[in-house]
Structure formats: structure tokens, C-alpha cells
Amino acid sequence: YGQNLVPNASFENFSACPVKPGNAAGDLYDWSMPTLGSTDFFHSCSTSMGIPENFNGSQLTQDGLGYVGFYAYAPNDYREYLQVKLIRPLLKDSTYTLSYFVSLSERSDYAVAGIDILFTSELLTVKTKKPLTKKNWLSLGIDQYNFLEDTRSHFYEDTESWMQVSTTFKAKGSERHLILGNFKSNKQTRVHTTGVSSNKGAYYYLDALSLSPNFTYEHSEEFALDTLLVLPAVLFDFDT
């Protein structure tokens, strides 16, 4: 993960072992919440906010010893998000791949078909527990952004295994902060019932984010044997 532009991407660095729900903003380094929604942080060091068993289900980590949990869909349009400042801004017209892992909690009575990504030039702080809207960030003067809407047709409904979500996109050059969550209202969100009667909505565990540049070469060349070839960047995950 040497090229990963997301700091604390697997939620391993924290100031305190979690002891209560809604603690992610206070306990985790690098991560913040753009709204009043109270995203949760789970870690194996905790008994009350532990892993794998916790108040919304049971799930081992995808990577390391911690992960977070958030409501992508809930009664009364309640929403939770995650926000992080990237290690460095994205380069205009460069192509990047963003990936992360999610797992639906067992106590969710719904599954959603999309989790969106918003890149902004500035840190976003909105005093609401409702869905973030374009009107919210424009009202703060944030007019440089890149919104990646998840348009997948299938539902994220696996409660046993981690589901990898991956998308490739071209940067606008203003991407400095990343925000993840569901930006649609309940009425606009595509949901699927799970058969669980909890009245909690769709709660997801999230782990192992990665945002890395894709290096492509527009011109092909032929190289003679026994000559020195310098590659400007060869970046790949360990053991691949």
C-alpha cells in the first residue's frame, strides 16, 4: 500500500480504544465526520465495541484489527458518513482506482444498491443528520468537487463475507478530501429487504480503503537487448 493516498485506510491508528457507539470521530486519527451522523469504530481491543461480535452483528476484519460501521439507509432519512483528507491532492486528468470492502450487518432489515463517493477541495462540515446534498456543499462555497455516484445494479447484501467495491475515474485536480456514504434520500435509494425485523435500516461495516494512481503509457516502444531501461513508476500491492 505504498501508493495508497488514504491515510489510516484500515482504521488501525487510534487515540483511544473504543468504548461506546458513535465514537469514530473522537477515537480515530485522520478520519472525521462531515455531518452530525455518529459513525462507529470497532476494534479487537474493546469489549463493548469489539470484533467480531458487536451490537449490530458479527464480522471479522478484512485487514488488521479494526473497522468502522455506518448507516447507509435508516428511518427518517438518517445518514452516517466518513471523511478523510488525502495524503496529497489528485492530479488533474490522471486516472485513479478507489476500492474498499463492505459487509452488511446481520441486524440490517435492508440492503442498498449504492454507496457514493464525494471528493471536495475543502473539509466539509454540515450540521445535519439527513443526507448530504449538493446544496449543502455549494452553500459553503465548495464548488470544486468530484461526485462519483454508485450506479451498480446489484445490492450489497452479503452478511458473511466482505464485498469489494472498486471504481476507476479521472481526477479533476481539485480532489483533496474524500467522503463516503449514501447521498440520496430514502425515497431515492434503491433498497432490498433482508427478512430481518429490526427497523434499523442498512448498516455496513467498512474496511481496507485504497486510492492509488493508474500509470499508463500512450506510446509503445521497442527496446534493444542489453540496454538500460528506466521505468518512472512501478507500483503494485505486496505479493501480487
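Residues numbered from 1 in each chain as written. Predicted model: local features only at pLDDT ≥ 70, side-chain atom pairs only at ≥ 80, totals over all residues. Heavy atoms only, no water.

Novice: Whenever I open this one, the environment of Arg176 confuses me. Can you help?
Specialist: In this structure, Arg176 sits in the loop between strand E11 (163–170) and strand E12 (177–181). Spatially, the C-alpha atoms of Arg176 and Tyr67 are 23 Å apart, while their sequence positions differ by 109 residues. Aside from chain neighbours lying at most four places away, what touches Arg176 is Val84, Lys85, Leu86, Ile87, Arg88, Pro89, Thr120 and Ser121. (Helix = DSSP H or I, 4+ residues; strand = E, 2+ residues; numbered from the N terminus. Contact = heavy atoms within 4.5 Å.)

Novice: Any chance you could explain a nonpolar patch on the surface here in plain terms?
Specialist: Taken together, the side chains of Leu229, Leu231, Val234 and Phe236 define a hydrophobic patch exposed on the protein surface, amounting to about 410 Å² of accessible area. Among the secondary structure elements, Leu231 is positioned in the segment after strand E14 (202–214). (Patch = residues over 30% accessible without salt bridge, like charges linked within 9 Å, V, L, I, M, F, W, Y side chains within 5 Å. Areas by Shrake-Rupley, 256 points an atom, 1.4 Å probe, with all protein chains shown as cover. Salt bridge = Lys/Arg side-chain N within 4 Å of Asp/Glu carboxyl O.)

Novice: How do you make sense of the pairing of E12 when you look at a structure like this?
Specialist: Within a regular strand, side chains alternate between the sheet's two faces. Of all the five residues making up E12, five are buried; the element is thus mostly covered by neighbouring parts of the structure. Side chains His177, Ile179 and Gly181 project from E12 onto one buried face, and the interleaved Leu178 and Leu180 project onto a second face that is buried too. Here strand E6 (residues 82–85) runs beside E12; their pairing, made up of four bridges, is antiparallel. Looking at E12, one finds that Val84 is bridged to Leu178. (Buried < 20%, exposed > 50% of the residue type's maximum accessible area, 1.4 Å probe, protein only. Pairing = 2+ DSSP bridges.)

Novice: I would appreciate a short explanation of unusual backbone geometry in the present structure.
Specialist: Glycine aside, negative phi is the norm for most residues, and most peptide bonds take the trans geometry. Here Ile51 and Pro52 are connected by a cis peptide whose omega angle stands at 10°. Inspection of the secondary structure assignment puts Pro52 in the loop between strand E2 (40–43) and strand E3 (53–54). Phi angles above zero are rare outside glycine, and Asn8 is one such case at about 50°. Relative to the elements of secondary structure, Asn8 occurs in the segment before helix H1 (24–27).

Novice: Honestly, the state of the cysteines in this entry has me stumped. Any pointers?
Specialist: Disulfides are covalent bonds that link the sulfur atoms of two cysteine residues. Considering all chains together, one arrives at one disulfide under this definition. One disulfide bridge connects Cys17 with Cys45, the sulfur atoms lying 2.1 Å from each other. On the S-S bond that ties Cys17 to Cys45, the torsion sits near 115°, and the link is right-handed. Of this pair, Cys17 sits in the segment before H1 while Cys45 is found in the loop between E2 and E3, placing the two residues 28 residues apart along the sequence. (Disulfide = S-S within 2.5 Å.)

Novice: I tried to follow the sheet that holds E2 on my own but got confused; where do I start?
Specialist: Overall, antiparallel pairing links the five strands, which are arranged E2-E5-E14-E7-E11 in an open sheet. Pairing within the sheet leaves two strands with one partner each, and these edge strands are E2 and E11. Within this sheet the neighbouring strands show an average axis-to-axis angle of 35°, counted without direction. Bridge count for strand E7 (residues 95–104) against E14 is nine bridges, and the pairing is antiparallel. Following the sheet pairing, Leu104 is matched in E14 by Tyr204. (Axes fitted to C-alpha atoms, helices over the stretch in contact; angles between N-to-C directions.)

Novice: Where do I start with the nonpolar core in this structure?
Specialist: Most often, soluble globular proteins have nonpolar side chains that are buried together. Grouped together as the largest cluster of nonpolar side chains are 40 residues, with contacts concentrated most on Tyr100, Leu180, Tyr204, Leu206 and Leu211. Elements with a contribution of two residues or more to this core: strand E5 (66–73), E6, E7, strand E8 (110–112), strand E9 (116–120), E11, E12 and E14. The contacts of Tyr204, once residues within four sequence positions are left out, are Val68, Gly69, Phe70, Ala72, Val102, Ser103, Leu104, Ala111, Val112 and Tyr156. Counting residues in each nonpolar core, the second largest holds 12 residues, with Phe42, Ala74, Tyr78 and Tyr205 among its members. (Core = buried A, V, L, I, M, F, W, Y, C linked by side-chain atoms within 4.5 Å.)

Novice: Sorry if this is basic, but what is going on with the confidence of the model for the protein here?
Specialist: When pLDDT is low, close inspection of the predicted coordinates is not appropriate. Here the protein shows a mean pLDDT of 92. Residues at 70 or above account for 95%. Highest mean pLDDT in the protein belongs to E12 (98); lowest belongs to helix H2 (residues 134–139) (93). (pLDDT = per-residue confidence, 0-100.)

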